[in-house]
Amino acid sequence: TTHGGYQYAALLVKASYKPPGTMDTLPKVVGDVLALDIIPSITITRVPNILPGPAEMGEITGTVRVVGNVEEYKVVIFAFGDAWYVQPFTAAPYTDIDEEGNWETNTHGGSQYAALLVKPSYEPPNTTGVLPKVDGKKVLAIAKAKPKKE
């Protein structure tokens, strides 16, 4: 997952490995680094500031980081009103991810939004009281965001 825009990875290293304080890029699997596993993540970069409900729609955007080809993943959006509602429509719940890991779609208004990074085998409910948990098989990462108050 991400926190504050950071990406997390798991490294298997020798005891002699000395990690730097921060890294702009992940280390290569050579020398003291024996294995590297990037943890899939999703970030919401923009949400609409519209009232919850079906009356208006606005754009929601974000980014993902995945292992392998982005075509193997989808994004599912939920907007919260009195429950979580799949977006933008129940008949079209999946959002594609471009080659750079960016995604965008329209959504109805919500007091909060959730973006799920999923495998295409995930079948989202039309509405739910509780968002699904990350299971590492179908739901790989979740991000939430609230509209900014104007």
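Thresholds, definitions, all that
- Residues numbered from 1 in each chain as written.
- Predicted model: local features only at pLDDT ≥ 70, side-chain atom pairs only at ≥ 80, totals over all residues.
- Heavy atoms only, no water.
- Helix = DSSP H or I, 4+ residues; strand = E, 2+ residues; numbered from the N terminus.
- Buried < 20%, exposed > 50% of the residue type's maximum accessible area, 1.4 Å probe, protein only.
- Contact = heavy atoms within 4.5 Å.
- Areas by Shrake-Rupley, 256 points an atom, 1.4 Å probe, with all protein chains shown as cover.
- Lys, Arg positive; Asp, Glu negative; His and termini not counted.
- Charge placed at Lys NZ, Arg CZ, Asp CG, Glu CD.
- Pairing = 2+ DSSP bridges.

Caption draft 1: Expanded view of the overall build of the protein. Looking only at helices and strands, the protein features zero helices and eleven strands. Start at the N end of the protein and walk to the C end: the helices and strands fall as β-β-β-β-β-β-β-β-β-β-β. The principal-axis extent of the C-alpha atoms belonging to the protein is close to 60 × 35 × 30 Å. Looking at the protein as a whole, 37% of its 150 residues are labelled buried. Taking the intrachain contacts of the protein between residues at least 6 apart in sequence as the baseline, contacts between residues at least 24 apart amount to 62%. Roughly 9200 Å² of accessible area belongs to the protein as shown, and the carbon and sulfur atoms make up 52% of that amount. Side-chain charges of the protein comprise 14 positive and 16 negative groups, with the mean position of each set lying 9 Å from the other.

Caption draft 2: How the structure looks around the pairing of strand β9 (residues 112-118). Across the seven residues that make up β9, a large majority, seven, are buried. Inspection of the sheet shows strand β5 (residues 74-80) paired to β9 by seven bridges, in the antiparallel sense. Bridged to Val76 within β9 is Leu116. Where β9 and strand β11 (residues 139-145) come together, six bridges link them in antiparallel fashion. In the sheet register, Ala114 faces β11, and the bridge partner there is Lys144.

Just distances and angles here, no functional claims.
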